[in-house]
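# Structural overview for review
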Amino acid sequence: MASLVEIYEARVAAGKLKPDAAQRAVLPELERIRAALAEAPAPAKRGFFARFTKSDPKPVKGLYLWGGVGRGKSMLMDLFVEAVDTPAKRRVHFHAFMQEIHHGMHEARKTGVDDALAPVAEAITSKLRLLAFDEMQITDITDAMIVGRLFQKLFEAGVVIVTTSNRPPDDLYKNGLNRQIFVPFIGLLKERLEVYPLESPNDYRQHRLQGAQVYFHPASGSKAKIDAIWADLTGGQPAEPLILPVNGRQVEIPRFANGVGRASFWYLCAKPLGPADYLAVADAVRVLVLEDIPRLSASNFNEAKRFVTLIDALYEAKVRLIASAADEPERLYAEGEGAFEFERTASRLREMQDATWGRT
């Protein structure tokens, strides 16, 4: 079987990837995990008499790969998971995984169990040997309160975890409510996962958008072009709704794949959402495709106010915006109450069209 380095170099030679020294440097770590998974038996399948042996197999140390947006973390994860020769593996976005955990716990509570997390964790560990997470980040206190216990159960069952993140472990849930309760989880991650920074100078997502049109007006007739950008950025991955817990409520991005969200103006701005909701959206996505922004006026004043709040959140978080709108930014809100205040939003929309805009 070809090694990950050989697979990577073959794709470079075929023109499917551009050579990147920082990406290549990560491959031995991923190869270490792949080889260990191939050699070590899963703890749950070692048999009855194995419990009387002198020691358990040494647990396979996973990987926490962090670095800036667009550096190729997701591509490396795809290459790794594809090459791991076991059906007991799963690749999932971290937000989506935590949604499943909360849903499972909600269902378990209906049965009257004392610990709703236990049957959920058992269901995972009974099926999986490898869990590969994309974009680990903790923004919600409910996630922060359970993730430590959950991962402890996964590690104890021998599940190997490989995850990507935009930030180092010490910055997870930074400034979060009751963060002191969460801090031991950071220690657990650093103990059980090899922490590796991906220090590539290249932002491949920005390169794909370099020089590309990202703001389309009028919106009619732009769908095919936006569909093409969406397909390129998501790599053809199937889109699913992403539900974000915010202060006991749920905010949904209707289409989400490979860190890219997609929604209409009306989906995100016609609902009674506020700053916390839009901050959660901005934190969850690397790129947001926002379609069908209408002309704004007194007739849709509340929607316009929410749109301003959304753009502020995206701007501050350096989220890349792909948009279709009724007109150019400066002519979206031409007159009426709020038109003067919208000038800042129009300026930001214009700035966000720049080829160099986005997270670094």
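Residues numbered from 1 in each chain as written. Predicted model: local features only at pLDDT ≥ 70, side-chain atom pairs only at ≥ 80, totals over all residues. Heavy atoms only, no water.

## Digging into the sheet that holds strand E4 (residues 160–165)
Each strand in a sheet pairs with another by means of backbone hydrogen bonds, the pair being arranged parallel or else antiparallel. Counted only if it meets this: For two strands to be treated as a pair, DSSP must find at least two bridges joining them. Each helix is a run of H or I in the DSSP string that is no shorter than four residues. Each strand is a run of E no shorter than two, and both are numbered from the N terminus. What counts as an axis is a line fitted to C-alpha atoms, over the stretch in contact for a helix, and the angles between N-to-C directions run from 0 to 180 degrees. Contact criterion: two residues are considered in contact whenever any of their non-hydrogen atoms come within 4.5 Å of each other.
Sheet architecture is open: five strands sit in the order E2-E3-E4-E1-E5, paired in parallel fashion. The two strands at the open ends of the sheet, each matched to only one other strand, are strand E2 (89–93) and strand E5 (193–197). Strand-to-strand twist of the sheet, defined as the mean angle between neighbouring strand axes without regard to direction, takes the value 15 degrees. The sheet contact formed by strand E1 (residues 62–66) and E5 spans five bridges and is parallel. Of the residues in E5, the one forming a bridge with Leu65 is Tyr196. Sitting on the sheet, helix H2 (residues 21–39) touches E1, strand E3 (130–134), E4 and E5, and the angle it makes with E1 is about 155 degrees.

## Some remarks on the pairing of strand E9 (residues 260–264)
Spelled out, the test is: Only protein chains enter the accessibility calculation, which uses a 1.4 Å probe; a residue is then buried when its area is under 20% of its type maximum, exposed when over 50%, and partly exposed in between.
Buried residues dominate E9, accounting for four of its five residues. Alignment of strand E8 (residues 249–257) against E9, held across three bridges, turns out to be antiparallel. Looking at the pairing, Phe256 lines up with Gly261 of E9. What sits between E8 and E9 in their antiparallel hairpin is a turn of two residues, with Asn258 showing a positive phi close to 55 degrees. With five bridges connecting them, E9 and strand E10 (residues 287–293) associate as parallel partners. Residue Val260 lies in a different strand from E10, and its bridge partner there is Val287.

## Considerations on the packing of H2 against helix H3 (residues 73–83)
Helices that pack against each other are described as a pair by the angle of their axes relative to one another and the distance between those axes. Condition: Angular relationships are summarised with four words: roughly parallel below 35 degrees, roughly antiparallel beyond 145, roughly perpendicular across 65 to 115, and oblique for the angles in between. Crossings are classed by handedness, with left-handed meaning an anticlockwise turn of the near helix from the far one by less than a right angle and right-handed meaning a clockwise turn. Three classes are used: nonpolar for Ala, Val, Leu, Ile, Met, Phe, Trp, Tyr, Cys and Pro, charged for Asp, Glu, Lys and Arg, and polar for all others, with Gly counted as polar.
Relative to each other, H2 and H3 sit at 30 degrees, their axes nearing to 11 Å. In terms of axis orientation, H2 runs roughly parallel to H3. Note that H2 runs across H3; the crossing there is right-handed. Residues Gln23, Val26, Leu27, Leu30, Ile33 and Arg34 of H2 lie in contact with H3, whose contacting residues are Met75, Leu76, Leu79, Phe80 and Ala83. Residues that form the contact of H2 with H3 fall into these classes: nine nonpolar, one polar and one charged.

That's the geometry; what it means functionally is another story.
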